[in-house]
Amino acid sequence: MKFRMPLLAVRDVEISKKFYHDLFDQEVVLDLGGNVTFSGGFSVQQDFDRLTGVPKSTILHQSHNMELYFEVDDFDAFTEKLRRHLDVELVHPPMTHAWQQRVVRLYDPDWHMIEVGESMEHIALRLMDEGHSVEETAALIHHPTDFVEQCRKGLK
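Since the model is a prediction, treat every value here as computed from it, not as a measurement. (Residues numbered from 1 in each chain as written. Predicted model: local features only at pLDDT ≥ 70, side-chain atom pairs only at ≥ 80, totals over all residues. Heavy atoms only, no water.)

Caption draft 1: Geometry of the nonpolar core. With 22 residues, the main nonpolar core has Tyr20, Phe24, Phe78, Leu106, Ile114 and Val116 as its most contacted residues. Secondary structure elements with two or more residues in this core: strand S1 (7-10), helix H1 (13-24), strand S3 (35-38), strand S5 (67-72), helix H3 (75-83), strand S7 (102-107) and strand S8 (113-118). Top element by residues in this core is H1. It accounts for five residues. By size, the runner-up hydrophobic cluster in this structure holds 11 residues, among which are Ile123, Ala124, Met128 and Val134. (Core = buried A, V, L, I, M, F, W, Y, C linked by side-chain atoms within 4.5 Å. Buried < 20%, exposed > 50% of the residue type's maximum accessible area, 1.4 Å probe, protein only. Helix = DSSP H or I, 4+ residues; strand = E, 2+ residues; numbered from the N terminus.)

This is the structure:
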């Protein structure tokens with residue numbers, strides 16, 4: 001058995017295609033009309049109730065029980081891009097975790113939660129560029145020194 005991908009139930013597949021393309025640079029790799037697969041390895045499905053036979057009233061919006069997670073190297077560029085999408089509602093504004101990762105969470109048009117985080121590889125390289133040793137960087141980002149060393153060598 002192979003796990004293939006997560007699928008999100010959406011009200012309007014065309015709105016979702018535009019949202020994920022414009023904000024997350026996701027390309028459509030398969031468009032079956034009511035079902036669309038994106039280059040990031042997830043799909044959206046319109047009319048999920050009809051497809052599965054479950055009552056439409058049981059398909060929850062804003063359930064807060066899962067999220068799609070994306071990473072970017074240039075977090076500042078992404079947050080600037082996000083600022084231009086005035087219709088996007090944030091779960092919370094950009095914040096920095098104890099492990100130095102900057103993240104922002106937002107909702108898609110169907111109220112699925114999305115997290116966008118600065119890539120840990122980028123954070124490790126940035127901290128080392130600022131003069132931190134491999135060991136200091138590992139402690140700051142709460143990752144093993146092997147991970148930081150691989151980032152330094154360009155293996156990640």
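Caption draft 2: Looking closely at the environment of histidine 21. As for its placement among the helices and strands, histidine 21 is situated in helix H1. Taking the relative accessible area as the measure of exposure, histidine 21 reaches 36% and is therefore partly exposed. In this structure, the C-alpha to C-alpha distance between histidine 21 and phenylalanine 38, residues 17 residues apart in sequence, is 8.8 Å. In terms of polar contacts, histidine 21 uses its side chain to reach the side chain of aspartate 22, at 3.1 Å. (Polar contact = N/O pair within 3.5 Å; in protein donor to acceptor, adjacent residues only side chain to side chain.)

Caption draft 3: The arrangement of H3 in detail. Within H3, the full set of buried residues consists of Phe75, Phe78, Thr79, Lys81 and Leu82. Down the axis of H3, the buried set is contained in an arc of 155°. They therefore lie on one face. Summarising the contacts, the buried residues of H3 are in contact with H1, S5, strand S6 (90-96), S7 and S8. (Arc of directions from axis to C-beta. Contact = heavy atoms within 4.5 Å.)

Caption draft 4: Summary view of the sheet that holds strand S4 (residues 43-46). Pairing within the open sheet is mixed, and its four strands lie in the order S1-S4-S3-S2. Two strands close off the open sheet at either side, each with one partner strand: S1 and strand S2 (28-31). Neighbour-to-neighbour, the strand axes of the sheet open up by a mean angle of 20°, direction not taken into account. Looking at chain direction, S1 and S4 are connected through four bridges and run parallel. Across the sheet, valine 10 pairs through a bridge with glutamine 46, a residue of S4. Here H1 sits on the sheet in contact with S1, S2, S3 and S4, set at roughly 10° to S3. (Pairing = 2+ DSSP bridges. Axes fitted to C-alpha atoms, helices over the stretch in contact; angles between N-to-C directions.)

Caption draft 5: Summary view of the layout of surface pockets. Within this model, the largest pocket holds a volume of roughly 420 Å³. Forming the walls of the largest pocket are 22 residues, and the residues nearest its centre are Ala9, Ile59, Leu60, His61 and His112. For the lining of the largest pocket, the secondary-structure elements that each account for two or more residues are S1 and helix H2 (48-52). Partitioning the lining of the largest pocket into residue classes produces 10 nonpolar, seven polar and five charged. If you add up the space inside the second largest pocket, you get close to 240 Å³. Lining the second largest pocket we find 13 residues, and of these Ile15, Phe19, Asp87, Val88 and Pro109 sit closest to its centre. In terms of residue count, H1 provides more of the lining of the second largest pocket than any other element does, five residues in total. Partitioning the lining of the second largest pocket into residue classes produces seven nonpolar, one polar and five charged. (1 Å grid on protein atoms, 1.4 Å probe; cavity = no way out; pocket = protein on both sides within 12 Å on 5 of 7 lines; lining within 4 Å. Points joined across faces, edges and corners; volume = space filled by probe spheres on them. Nonpolar A, V, L, I, M, F, W, Y, C, P; charged D, E, K, R; others polar.)

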